[in-house]
Amino acid sequence: MWIVPEREIADLLTRDASFEAVEKVFAAMAAGDAYNFPVIREAIGHESALYGFKGGFDGVGSTLGLKAGGYWPHNLEKRGIINHQSTVFLFDPDTGKVAAMVGGNYLTALRTAAASSVSIKHLARKDSKVMGMVGAGHQATFQLRAALEQREFEKVIGWNYHPEMLPNIEKVAQEAGVPFEAVELEGLGEADVVISITSTFAPTIMAEHISAGTHIACMGTDTKGKQEVEAALLAQATVFTDEVAQSISIGEAQHAIAAGLIQESDVHQIGAVINGAHKGRTSDEEITLFDGTGVGLQDLAVSAAIVRMAVEQGVAIEVDF
């Protein structure tokens with residue numbers, strides 16, 4: 001089997017490669033050529049951690065495997081390491097034999113950012129000029145870098161529960177040559193695109209904060225009970241997601257479904273837009289919302305690309321297993 005250590009990932013994986021892998025696997029999912037396995041995600045009763053497994057099989061990419069990991073909220077303050085920790089395992093779909101083990105932290109950050117940027121490419125208005133960020137942690141910096149490549153944004157606005165963290169995303173905006181402004185939540189109405197990347201169990205963004213024509217990417221809700229936006233906002237928007245089953249059970253749609261505001265049939269796969277089976281945005285006044293719950297196939301697709309590059313460049317470690 002091949003091992004690609006975490007320390008090698010940043011030099012191997014580009015945003016472009018991650019974007020391409022995620023876009024292709026979303027399309028394969030919508031075409032019925034790839035599917036995700038049910039997610040296991042549990043509070044383990046230790047260190048306030050959430051731990052789980054995501055896996056799937058892509059018949060087109062011949063990719064089979066799983067990602068194991070989760071969220072340890074005290075890591076950064078207590079140990080100086082990031083709160084999200086994960087490892088990806090790939091298996092030979094012909095034999096079931098383990099094929100690779102890949103460090104999953106950096107690739108998770110890039111694949112999550114790729115998912116929201118895929119949604120911006122296919123759903124945001126072409127004339128979008130103001131980029132809005134809710135959240136300013138480690139993942140938010142990846143989100144913003146990827147998002148700024150999808151449109152010719154002229155301004156970034158941001159809000160965070162801890163305002164002292166806003167310089168994290170201000171720095172990314174400055175590096176891209178785009179001015180940054182800290183705003184209150186009510187100021188999000190100026191944004192043409194909003195990415196929300198928080199770990200909250202109560203809505204932060206309310207329907208009144210979002211203007212007509214906005215595209216919203218909700219990237220933080222991946223567990224039962226989590227919620228970033230008011231359920232009423234989903235009722236006002238055309239809702240897209242990576243995986244419908246996850247969206248209605250552990251994603252943003254879980255709350256709107258429970259409240260009877262939308263039905264499962266109101267949630268559409270982003271892959272159908274990529275494939276041309278769904279028309280996507282239909283007007284400049286329409287609010288579109290992408291519920292990025294995070295699917296195992298994203299991790300597997302990106303990991304497979306990493307392994308190929310690592311082997312080609314001679315940095316993968318081969319071991320008998």
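Just above sits the structure.
Everything numeric in this text was worked out from a predicted model, so none of it was measured.

A. The arrangement of the overall build of the chain in detail. Scanning the chain for helices and strands turns up eleven helices and 18 strands. Relative to its length of 321 residues, the chain is compact, with a C-alpha radius of gyration of 19 Å against a globular reference of 20 Å. Dimensions of the chain, computed from C-alpha atoms along their principal axes, come out at roughly 55 × 40 × 40 Å. Taken across its 321 residues, the chain has 55% of its residues classed as buried. Residue pairs in contact within the chain that sit at least 24 positions apart in sequence constitute 71% of those at least 6 positions apart. When the accessible area of the chain is evaluated, it comes to approximately 13600 Å², of which 52% is carbon and sulfur surface.

B. Structural view of the packing of helix H4 (residues 105–123) against helix H11 (residues 296–313). In contact at an axis separation of 10 Å, H4 and H11 are set at 120 degrees when each is read in the N-to-C sense. Accordingly, the angle class assigned to the pair H4 and H11 is oblique. Judged by the sense of rotation from one axis to the other, the crossing of H4 with H11 is right-handed. Residues Leu107, Thr108, Arg111 and Ala115 of H4 touch H11, and the partners they reach there are Gln298, Asp299, Val302, Ser303 and Ile306. The residue inventory of the contact of H4 with H11, partitioned by class, reads four nonpolar, three polar and two charged.

C. Structural detail: the pattern of salt bridges. According to the stated counting rule, one finds 15 salt bridges in the structure shown. In this structure, Glu190 engages Lys155 in a salt bridge whose closest nitrogen and oxygen atoms are separated by 3.0 Å. Linking Glu190 in the loop between strand E10 (180–182) and strand E11 (193–196) with Lys155 in strand E9 (residues 155–159), this pair joins segments that are 35 residues apart in sequence. Asp222 is the partner of Lys226 in a salt bridge, and the nearest nitrogen-oxygen pair spans 3.1 Å. Here Asp222 falls in the buried class, since its relative accessible area comes to 16%. Connected via shared salt-bridge partners are Arg41, Asp222 and Lys226.

D. Structural view of the layout of surface pockets. Taken as a whole, the largest pocket spans an internal volume of roughly 1200 Å³. Every residue lining the largest pocket is counted, 48 residues in all, and those nearest its centre are Tyr71, Asn83, His84, Gln139 and Ser199. Here the lining of the largest pocket is built from residues that sort into 16 nonpolar, 25 polar and seven charged. Estimated volume of the second largest pocket: approximately 320 Å³. Lining the second largest pocket are 16 residues, and of these Ala21, Lys24, Asp58, Ala301 and Arg308 lie nearest its centre. Taken together, the elements giving at least two residues each to the lining of the second largest pocket come down to helix H2 (15–30) and H11. Ranked by residue count, the leading element in the lining of the second largest pocket is H2, at seven residues. A breakdown of the residues in the lining of the second largest pocket according to their chemical character gives nine nonpolar, two polar and five charged.

E. Expanded view of the nonpolar core. In this structure, Val4, Phe26, Val102, Met131, Met133, Val156 and Ile306 are the most contacted members of the largest nonpolar core, which totals 64 residues. By residue number, the principal contributor to this core is H11, which donates ten residues. Ignoring sequence-local partners within four residues, the contact set of Met131 consists of Leu144, Ala147, Leu148, Phe153, Lys155, Val156, Ile157, Val193, Val194 and Ile195. The next biggest cluster of nonpolar side chains, apart from the first, holds 27 residues, and it includes Val134, Leu233, Val267 and Leu289.

F. The side chain of Thr63, seen in detail. Following the sequence through the fold, Thr63 ends up in strand E5 (residues 63–71). The residues contacting Thr63, other than those within four sequence positions of it, are Gly56, Phe57, Asp58, Leu90, Leu300 and Ala304.

G. Representation of the side chain of Arg125. The topology assignment puts Arg125 in the loop between H4 and strand E8 (130–134). Side chain to side chain, Arg125 and Asp127 meet in a polar contact 2.9 Å long. Not counting the four nearest positions on each side in its chain, Arg125 is found in contact with Arg151, Asp192, Gly213, Thr214, Arg281 and Asp284.

What counts, and where the lines are drawn
- Residues numbered from 1 in each chain as written.
- Predicted model: local features only at pLDDT ≥ 70, side-chain atom pairs only at ≥ 80, totals over all residues.
- Heavy atoms only, no water.
- Helix = DSSP H or I, 4+ residues; strand = E, 2+ residues; numbered from the N terminus.
- Rg over C-alpha atoms; globule rule 2.2 N^0.38 Å.
- Buried < 20%, exposed > 50% of the residue type's maximum accessible area, 1.4 Å probe, protein only.
- Contact = heavy atoms within 4.5 Å.
- Areas by Shrake-Rupley, 256 points an atom, 1.4 Å probe, with all protein chains shown as cover.
- Axes fitted to C-alpha atoms, helices over the stretch in contact; angles between N-to-C directions.
- Parallel < 35°, antiparallel > 145°, perpendicular 65-115°, else oblique.
- Left-handed = near helix turned anticlockwise from the far one by under 90°.
- Nonpolar A, V, L, I, M, F, W, Y, C, P; charged D, E, K, R; others polar.
- Salt bridge = Lys/Arg side-chain N within 4 Å of Asp/Glu carboxyl O.
- 1 Å grid on protein atoms, 1.4 Å probe; cavity = no way out; pocket = protein on both sides within 12 Å on 5 of 7 lines; lining within 4 Å.
- Points joined across faces, edges and corners; volume = space filled by probe spheres on them.
- Core = buried A, V, L, I, M, F, W, Y, C linked by side-chain atoms within 4.5 Å.
- Polar contact = N/O pair within 3.5 Å; in protein donor to acceptor, adjacent residues only side chain to side chain.

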